[in-house]
Amino acid sequence: MKRLFIFFISSLLWTGCSIDEEPTSFVNTDNYYLTEAQCISGLNSTYIPLKSIYSYTYLIATEGVTDLMYIASGTLDAQLDISPALPRFGQSMWNLGYQGVMYCNSIIAGIKRSPLPEETKNRLLAEGMVMRAYYYWFLTSTFGDVPFYTEDVANAEVLDRISKMGRMPAVATRDYLIGELQEYVPHLAQVRTNDLPGNRSGAAMGWMLIGKLAQWNKKWDVARDAMDKVETIYGDFNKYPLADIALKNKNILESIFEIQFTYSETGLQVTTNSGAICMPTRSTGAIYDGVEIPELGSTSTTWSPLRPNNFFFQSVMRRGGEDLRTNLNMAWEYKGVAFKSTATRPWLGTKFWTYNMYNVADGNNQRVFRYADALLMQAENYMELRNQNDAIKYLNMVRNRAGLANYEFKNWDLLREEIQKERGRELLGEYQRKYDLVRWGIWYQATYDYTDYAALKNNMLPCHEYYPIPDIEVVKSGNNLDNKAYEFYGKG
């Protein structure tokens, strides 16, 4: 944590006016946050860690070690060859998550001290609190119980105390965040994210996070009420075209939050590398697995690809069915020409492709949440509340847009299974599947049963549902942090 604190202070010595620019100095916050523009400049910093989180490794960690997809990659996270001593991407996720928390805590404290009118302060505070809730959602979803604090790390004394904290139950962390968001999100403009300047984190993101946190805590009525707010903002689902969900389309109307990336040969380059594992393998020129695809260009570098498991394309979403998302999610051919290596397994489909990618510089935005997710969450909420009609109503909203017939109720277990499968169809590759499986309590068995990657099956253990806290963080905490689940399986 001390290393993070030093980076936190030293890396913020620039000015910025948008979430794509660097923030203003945090060194002397007592005398800085005097105007709304200064506070917004500070809030911009809270978006910085997102750019580094949403990478190909995070995509592997959340989608490539699940029941639906695998990746035969040299990146050892894909094999769950991880431990407290060798946390792999877990170290980066820990550092970036707490970097985000520290940025949020600092700007929230600065806004509270500012002389701005209460109405303005509450609106600005709400954005900071939404972003803080995001980082704790990310940390608890990835690591389980983690240290929780809301203080501004303004001096070495506070830093030393915080660095010695142990794990706080994730349930308690989520309950605190839910209450805070319920108080502050109403202060934000109740509009779609697309309607906000810069597509910033707004009310829709706040309500969505309440729902996500509440579902983890099995507070289905709280999650239901939050999704009602999202539905009030976004309205009729039929006005959001299915074709828009391809990642080449940025900041779509359906979007609740996206990580903003861009690539220009002669201009701004803020990119991820996720696209490098989401396309057919390029051999030469614009030839991808034996098929010429001029739209993808001749300058991309493709890595070992993320690919669907047999379970997905044989049971969840079959080729030749009525589902309009099939060719968005999977590709066996391009414009009638079959790929060379898809006789037994498809590539990921056009939803994921990056057009004219240069090396691994992927300028596509990465989706965090969108409206279809909220509707499927609402279907799950009503299913858990044993409201059959409304559960099926929200499930069918998403199914119908994809060209599927209405689902007819048979029993509660089959409805739960259908909602889980529908989340897989609709949200494939959107950084959520592992979190869903862990939340449902089925990650280990479902992934073990359905993965097609032998190296993953041979390595995976129940403790891998969460990443371990890196050993270096355990030592810095004075051993107040621990990895008991990993120790139980001899991985401590």
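Everything numeric in this text was worked out from a predicted model, so none of it was measured. (Residues numbered from 1 in each chain as written. Predicted model: local features only at pLDDT ≥ 70, side-chain atom pairs only at ≥ 80, totals over all residues. Heavy atoms only, no water.)

**Considering the overall build of the protein chain**
The condition is simple: Secondary structure elements are taken from DSSP: a helix is a run of H or I of four residues or more, a strand is a run of E of two residues or more, and numbering for both begins at the N terminus. Just to be clear, the radius of gyration here is over C-alpha atoms, and the globule rule we use is 2.2 Å times residues to the power 0.38. Buried residues are those whose accessible area, probed at 1.4 Å on protein chains only, stays under 20% of the maximum for their type, while exposed residues exceed 50% and partly exposed ones sit between those limits. For the accessible areas, the method is Shrake-Rupley and the probe is 1.4 Å, while residue cover comes only from the protein chains on display.
Tallying secondary structure elements over the protein chain gives 20 helices and 13 strands in all. Over its C-alpha atoms the protein chain spans a radius of gyration of 22 Å, differing by no more than 12% from the 23 Å that the globule rule assigns to 492 residues. Projected onto its principal axes, the C-alpha positions of the protein chain cover 65 × 55 × 45 Å. When burial is assessed residue by residue, the protein chain has 59% of its 492 residues classed as buried. Put simply, the protein chain shows about 18,500 Å² of open surface, and 50% of that area lies on carbon and sulfur atoms.

**A word on the environment of Glu-180**
The criterion, for reference: The contact criterion used is simple: two residues touch if any of their non-hydrogen atoms lie within 4.5 Å.
Its place among the elements puts Glu-180 in helix α8 (residues 170-184). For Glu-180, a relative accessible area of 10% translates into the label buried. Residues Glu-180 and Val-337, 157 residues apart in the sequence, show an inter-C-alpha distance of 54 Å. Non-local contacts of Glu-180, meaning those with residues more than four positions away in its chain, are made with Met-129 and Arg-132.

**Things to note about the sheet that holds strand β5 (residues 282-284)**
Quick reminder of the rule: We treat two strands as partners when DSSP finds at least two bridges between them.
Strand order in this open sheet of 3 strands is β5-β6-β7, and the pairing throughout is antiparallel. Each of the sheet's edge strands pairs with one partner strand only, and the pair in question is β5 and β7 (291-292). As paired elements, strand β6 (residues 287-288) and β7 share 2 bridges and run antiparallel to each other. Within the sheet, the bridge partner assigned to Tyr-288 lies in β7 and is Val-291.

**Focus on empty space enclosed by the protein**
What counts here: Using a 1 Å grid laid over the protein atoms alone, points where a 1.4 Å probe fits but cannot get out form a cavity; open sets with protein on both sides within 12 Å along at least 5 of 7 lines form a pocket; any residue with an atom within 4 Å of a point counts as lining. Grid points are joined across faces, edges and corners, and a volume is the space filled by probe spheres set on the points.
Counting across every chain of the model gives 7 cavities of 30 Å³ or more. In this structure, the second largest cavity encloses a volume near 70 Å³. Forming the walls of the second largest cavity are Trp-137, Lys-212, Gln-215, Trp-216, Arg-423, Gln-432, Tyr-435, Asp-436 and Arg-439.

**With respect to helix α14 (residues 388-401)**
Condition: Under the convention used throughout, the expected extent of a helix is 1.5 Å for every residue step, that is, one less than its residue count.
Here α14 spans 20 Å end to end across 14 residues, near enough to the 20 Å set by a 1.5 Å rise per residue. When α14 is considered as a whole, its buried residues turn out to be Ala-391, Ile-392, Tyr-394, Leu-395, Asn-396, Val-398, Arg-399 and Arg-401. Buried positions along α14 lie against α10 (220-234), β13 (366-370), α13 (371-384) and α15 (412-427). Gly-403 sits one or two positions beyond α14 and adopts a positive phi of about 85°.

**What about the environment of Met-460?**
Within the secondary structure, Met-460 sits in the loop between α18 (454-459) and α19 (471-476). The class for Met-460 is buried, based on a relative accessible area of 3%. Distance from Met-460 to Arg-425, taken between C-alpha atoms, is 24 Å for residues 35 residues apart in sequence. Contacts of Met-460, omitting those with residues within four sequence positions, involve Leu-80, Trp-443, Tyr-444, Thr-447 and Tyr-448.

**Focus on the UniProt feature "domain: SusD-like N-terminal" (unreviewed entry) in the protein chain**
Here is the rule: UniProt positions are given in the numbering used here, feature names are shortened, and annotations may be inferred rather than shown by experiment.
Taking the numbering used here, the UniProt-annotated feature "domain: SusD-like N-terminal" (unreviewed entry) corresponds to residues 92-156. Here residues 92-156 is 75% helix and 0% strand, with 23 Å between the C-alpha atoms at its ends.

**A closer look at the packing of α10 against α13**
To keep things clear, this is the line we draw: To get an axis, a line is fitted to the C-alpha atoms, and for a helix only the part in contact is used. The angle between two axes follows their N-to-C directions and goes from 0 to 180 degrees. Two helices crossing with the near one rotated counterclockwise from the far one by less than a right angle form a left-handed crossing, whereas a clockwise rotation gives a right-handed crossing. Residue polarity follows a fixed list, in which Ala, Val, Leu, Ile, Met, Phe, Trp, Tyr, Cys and Pro are nonpolar, Asp, Glu, Lys and Arg are charged, and the others, Gly among them, are polar.
Close contact between α10 and α13 brings their axes to 9 Å; oriented N to C, the two are set at 145°. In this structure, α10 meets α13 at a crossing whose hand is left-handed. Within the contact between the two elements, α10 uses Trp-220, Ala-223, Arg-224, Met-227, Asp-228, Val-230, Glu-231 and Tyr-234 and α13 uses Tyr-371, Ala-374, Met-377, Gln-378, Glu-380, Asn-381, Tyr-382 and Glu-384. Classifying every residue of the contact of α10 with α13 by side-chain character gives 9 nonpolar, 2 polar and 5 charged.

**Structural notes on the layout of surface pockets**
Each pocket or cavity is described by its volume, and for the largest pocket that value is around 300 Å³. Contributing to the lining of the largest pocket are 14 residues, with Arg-123, Glu-127, Leu-188, Leu-196 and Arg-200 lying nearest its centre. Top contributing element to the lining of the largest pocket by residue count: helix α6 (residues 118-143), with 3 residues. Among the residues making up the lining of the largest pocket, the classes are represented as 8 nonpolar, 3 polar and 3 charged.

**What to know about the state of the cysteines**
Test applied: Disulfides are defined in this document as cysteine sulfur pairs within 2.5 Å.
Tallying each qualifying case throughout the model produces 0 disulfides. The thiol sulfur of Cys-104 is not disulfide-bonded, and the nearest other cysteine sulfur, from Cys-39, lies at 14 Å.

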